[in-house]
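Summary of the model geometry
In case you want the letters, here they are:
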Amino acid sequence: MVRLFPIAQQTASAKFMLQFERVSHTIAGVFLVRELSFQVSTGEVYGLLGPNGAGKTTIINLISQLRRPSSGQITLRGRPLHRGHKRWLGIAPQENLFYRSLSCRENLNFFGTVYGLDRRTCRQRVDWCLAAVNLTGKASTLVEKLSGGMQRRLNLAIALMHKPQLLILDEPTTGLDIESRYDL
């Protein structure tokens, strides 16, 4: 069973950023998610907790539109989830997604281009994201030469690159030391 736990909440009057209404997802008749309903308001931080196989990653895949619900509805800012919403999402998946043979700066520039940022904005966001995850001193370092924890922080920086309205982190502290977990 998956449980949604509030970590930080805003006032109850906030508009729902994300809403699941009786969402189910099945594969070959087996429920991976069954009748899940919840709301996350703008400014709230939630943790999705449950044992292995409970459906946490499936829920993230539904939000990121890698899977479609078998039934129910997912809305983002009050509108049914659709492809146009992808630009609103920042996702740091469980597995790091970047190019190991590029530097931190080159990776962030690449993803900034993918997100459609203009050159000036991209340059500013690269600097901001490197500072936000404490990798400014490693900007020119090839990713393959970084420690696992530094690579994990770069993964987060990539998710932040385009100023997403909704940030989804799948196992964000995997591979981080205690100090880095606290910073995150």
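Description of the structure in this document. Bear in mind that the values here come from a model prediction, so they are computed numbers and not experimental data.

Moving on to the packing of aromatic side chains. Evaluation of the coordinates by the stated rule reveals four aromatic pairs. Each ring, one from Phe20 and one from Phe38, has its centre 4.6 Å from the other, and the planes form 20 degrees; the classification is stacked. One end of the pair, Phe20, is in strand 2 (residues 16-27); the other, Phe38, is in strand 3 (residues 30-41), with 18 residues separating them in the sequence. A single burial state applies to Phe20 and to Phe38, both of which are buried. Ring plane angle 25 degrees and centroid distance 6.4 Å describe the contact between Tyr99 and Phe111, whose orientation is recorded as stacked. Residue Tyr99 is located in the loop between strand 7 (89-92) and helix 2 (104-114), and its partner Phe111 is located in helix 2; the two are separated by 12 residues in the primary sequence. Take Tyr99: its relative accessible area is 44%, and that puts it in the partly exposed class. Through pairs of rings, three or more aromatic residues link up here, namely Tyr99, Phe110 and Phe111.

Right, let's talk about the layout of surface pockets for a bit. Considered as a void within the structure, the largest pocket measures approximately 940 Å³ in volume. Every residue lining the largest pocket is counted, 31 residues in all, and those nearest its centre are Tyr46, Gly47, Leu167, Ile168 and Leu169. Mapped by element, the contributors of at least two residues to the lining of the largest pocket are strand 1 (3-8), strand 2, strand 3, strand 4 (45-49), helix 1 (56-63) and strand 8 (166-169). Broken down by element, the lining of the largest pocket gets its largest block of residues, five residues, from strand 4. Residue classes in the lining of the largest pocket are distributed as 20 nonpolar, seven polar and four charged. Taken as a whole, the second largest pocket holds about 520 Å³ of empty space. Forming the boundary of the second largest pocket are 21 residues, of which Ser64, Leu89, Ile91, Leu97 and Tyr115 lie nearest the centre. The residue makeup of the lining of the second largest pocket, split by class, is 11 nonpolar, seven polar and three charged.

Quick look at empty space enclosed by the protein now. Counted by the stated rule, this structure contains one cavity of 30 Å³ or more. Put simply, the largest cavity is a space of about 60 Å³. Forming the boundary of the largest cavity are Ala92, Arg152, Arg153, Asn155, Leu156, Leu169, Pro172, Leu176 and Leu184. Considering each element in turn, the lining of the largest cavity owes the most residues, four residues, to helix 4 (residues 148-160). Split into classes, the residues belonging to the lining of the largest cavity amount to six nonpolar, one polar and two charged.

Thresholds, definitions, all that
- Residues numbered from 1 in each chain as written.
- Predicted model: local features only at pLDDT ≥ 70, side-chain atom pairs only at ≥ 80, totals over all residues.
- Heavy atoms only, no water.
- Phe/Tyr/Trp six-rings, centres within 6.5 Å; stacked < 30°, edge-to-face > 60°.
- Helix = DSSP H or I, 4+ residues; strand = E, 2+ residues; numbered from the N terminus.
- Buried < 20%, exposed > 50% of the residue type's maximum accessible area, 1.4 Å probe, protein only.
- 1 Å grid on protein atoms, 1.4 Å probe; cavity = no way out; pocket = protein on both sides within 12 Å on 5 of 7 lines; lining within 4 Å.
- Points joined across faces, edges and corners; volume = space filled by probe spheres on them.
- Nonpolar A, V, L, I, M, F, W, Y, C, P; charged D, E, K, R; others polar.

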